[in-house]
Structure formats: structure tokens, C-alpha cells
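Remarks on the overall topology
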Amino acid sequence: MADLAPEQRAPQAGGFPTKWVAAAAILIGLAVLRIYLPVGDWLQSLNVWVVDLGPTGMLVYVGVYVLATVFFLPGSVLTIGAGFLFGVVKGTIVVSVGSTTGAALAFLISRYLARDWVSQKAAGNPRFEAIDRAIGLQGWKIVGLLRLSPAIPFNLSNYLYGLTSVKFLPCIVASWLGMLPGSVMYVYLGTAGKAGLDAAAGAAGRTWQQDALLGVGLVATIAVTILITRIARNALKEADLGTEGVT
């Protein structure tokens, strides 16, 4: 079977900075679009609509995230949007529930409903074969490390793990824990972006102390996420599954 398509290939060892640059580009793009389009008004309307729904709004957002995960749609925009709409704590809960539920559904679809199709996509791919062997030896530990320092894209990995020997519950718990640091970082980016838009619009009720605290928290979150990612990458190398072996 031919190698995976270019858009499905694993990121290189510097994949994490690439994700950070992509997230920054999204925020910059929103700022630029706001100059030419009433993006701020649209986001505010969406914000009001979702917030007015209360807990239902959060459930709707979780449902959208689950569908995006199952259907291979990019999750970074939704993750940043959760921070914009709900703040750090609630946004992280929404993203964590949505991404974990979506990963669980994709795992089950791969294992029980579309195993042949997924197997055909993975057949002969050295990256997946290396991961499959490592999971066979160390199980959910490898899944958790791969979530922290992904050797394959998130949406694709959800289906590929369904082909391995790892059990469902350990895989999902390891996935939840492994995805959490990155989720917090992207949600924090959305919260910081909203604060920036509010400040530019002269929103009342905000102080420079609040903005400074938010900025410090964002920097600390990014630093911790980078550190955790490097630790995970080193652990994968020690397990003979460094990113070089699967990229």
C-alpha cells in the first residue's frame, strides 16, 4: 500500500513550534480580518448566542467538536474558539470532553465498523508499523506519550489506535491526559485573543493587572507545554520510537 498522503504525514521533530506558529497565524488573521470585515461583531453575536444557551451552548460546542474529530476536520480553530467563548476553565472542559469523546468514537469505528478500510490505509506504512510494535510492548504508555508529542496527526491517530492491541479504556484515558496540555494552551490563546479584542474595543471593566496576569499565564502555559512535549519526545526515543523513526 502506498505511503500516506502528504497531508496525513507526521510532523517533523519541530512539529510543536509549527503548531504554535499556526495558532498565532489564526489570531493574527482574525485581527487583520477585523479591519476589513465585521468579524468582531460576528464573534460577539456568536458569543452572545452560545452564552445565552447556558450549559446547552457548551453541549452544542462539544457536539461540533466531536463531529469535527470524527470527520477529520481541523480542531485548532475550535479549540481557540472555545477559549474565546468560554474562558480558560470552561473552554478547557469543553475541548477536553469533545476531543476525548471524538477520539473514542473514531477508535470504536476503526476497531468494529471500518477496520478493513483503515487497515488498507495503514498497510505497509513504516510509521504505523513502528507505533503498532511499540504499543504491543508498552500499551497505553506509548499512546499517552504520542499524544503529548504526536508522531501522527491527531484525527488520523484516533483511527489507527483502533487497529492496535491497546485496550479501549486505557487508550482513552491516556489520550485524555496526553491531549490536556495542548488543549489548555490553545484554549488560553483564545482567551488571550478575546482579551486583546476587548481591549482594542475599549471594553469597560478590564484592568491592566488582569491583562498582565493573563499574559503571564499564557507564557507559563506555553513554556510548560513545550517542556512536557520535549520530555515525551525523549521518552519515545528511549522506547526506540523517537519522532525520527516515524516521520
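As the structure is a prediction and not an experimental result, all values here were calculated from the model.

1. With respect to the overall build of the protein chain
Counting its regular elements, the protein chain contains ten helices and zero strands. The helix and strand sequence of the protein chain, counted from the amino end, reads α-α-α-α-α-α-α-α-α-α. The proportion of buried residues among the 247 residues of the protein chain is 42%.

2. A short note on helix α3 (residues 55-70)
Look at α3: 23 Å from first C-alpha to last across 16 residues, which is about the 22 Å you get at 1.5 Å a residue. Every buried residue of α3 is listed here: Gly57, Tyr61, Val62, Tyr65, Val66, Ala68, Thr69 and Val70.

3. A closer look at the confidence of the model for the protein chain
A residue-level look at the protein chain finds 67% of positions with pLDDT of 70 or above and a mean pLDDT of 76. Model confidence for the protein chain, summarised as mean pLDDT per element, is weakest for helix α1 (residues 15-36) at 55 and strongest for helix α4 (residues 76-113) at 92. Overall, residues 243-247 carries pLDDT values under 50, and its contacts beyond four positions in sequence, including any with other chains, amount to 14 contacts.

4. Let's talk about the packing of α3 against α4
Two elements in contact, α3 and α4, have axes separated by 7 Å at closest approach and are oriented at 45 degrees. As the angle between them shows, α3 and α4 are arranged oblique. Considering only the axes of α3 and α4, their crossing is right-handed. For the contact of α3 with α4, the class distribution of residues is 19 nonpolar, eight polar and one charged.

5. Looking at the packing of aromatic side chains
Any pair of aromatic rings gets described here by the distance separating the centres and the angle formed by the planes. Applying the stated rule across the entire model yields three aromatic pairs. Where phenylalanine 72 meets tyrosine 159, the ring centres are 5.1 Å apart and the plane angle is 10 degrees; that geometry is what we call stacked. With phenylalanine 72 in the loop between α3 and α4 and tyrosine 159 in helix α8 (residues 154-160), this residue pair connects regions lying 87 residues apart in the sequence. Judged by its relative accessible area of 7%, tyrosine 159 is buried.

6. So, the packing of helix α6 (residues 126-138) against helix α7 (residues 140-148)
Contact pair α6 / α7: the axes reach a minimum separation of 6 Å and the direction vectors enclose 130 degrees. It follows from the interaxial angle that α6 and α7 lie oblique. Between α6, through Ile131, Ala134, Ile135 and Gln138, and α7, the contact on the second element is made entirely by Trp140, Lys141, Ile142, Val143 and Leu146.

7. As for a nonpolar patch on the surface
On the surface, Phe168, Leu169, Val173, Trp176 and Leu177 cluster together into a nonpolar patch covering about 460 Å² of accessible area. By secondary structure assignment, the location of valine 173 is in helix α9 (residues 168-200). Of the residues examined, valine 173 reaches a relative accessible area of 39% and is grouped as partly exposed.

8. A few points about the environment of tyrosine 65
Of note, tyrosine 65 is situated in helix α3. Setting aside anything within four residues of it in sequence, one finds tyrosine 65 in contact with Gly75, Leu78, Thr79, Val95, Gly98 and Ser99.

9. Digging into the nonpolar core
The biggest cluster of nonpolar side chains holds 38 residues, and the ones touching the most others in it are Tyr61, Phe86, Ile135, Val143, Leu160 and Tyr161. Listing elements by their share of this core, those giving two or more residues are α3, α4, α5 (115-122), α6, α7, α8, α9 and α10 (208-238). With nine residues, the single largest contributor to this core is α4. Sequence-distant contacts of phenylalanine 86, that is, excluding residues within four places in its chain, are made with Val50, Gly57, Met58, Tyr61, Gly91 and Val94. In terms of nonpolar packing, the next biggest core, distinct from the first, is built from five residues, Ile80, Met185, Tyr186 and Ile222 among them.

Thresholds, definitions, all that
Residues numbered from 1 in each chain as written. Predicted model: local features only at pLDDT ≥ 70, side-chain atom pairs only at ≥ 80, totals over all residues. Heavy atoms only, no water. Helix = DSSP H or I, 4+ residues; strand = E, 2+ residues; numbered from the N terminus. Buried < 20%, exposed > 50% of the residue type's maximum accessible area, 1.4 Å probe, protein only. Expected span 1.5 Å × (residues − 1). pLDDT = per-residue confidence, 0-100. Contact = heavy atoms within 4.5 Å. Axes fitted to C-alpha atoms, helices over the stretch in contact; angles between N-to-C directions. Parallel < 35°, antiparallel > 145°, perpendicular 65-115°, else oblique. Left-handed = near helix turned anticlockwise from the far one by under 90°. Nonpolar A, V, L, I, M, F, W, Y, C, P; charged D, E, K, R; others polar. Phe/Tyr/Trp six-rings, centres within 6.5 Å; stacked < 30°, edge-to-face > 60°. Patch = residues over 30% accessible without salt bridge, like charges linked within 9 Å, V, L, I, M, F, W, Y side chains within 5 Å. Areas by Shrake-Rupley, 256 points an atom, 1.4 Å probe, with all protein chains shown as cover. Salt bridge = Lys/Arg side-chain N within 4 Å of Asp/Glu carboxyl O. Core = buried A, V, L, I, M, F, W, Y, C linked by side-chain atoms within 4.5 Å.

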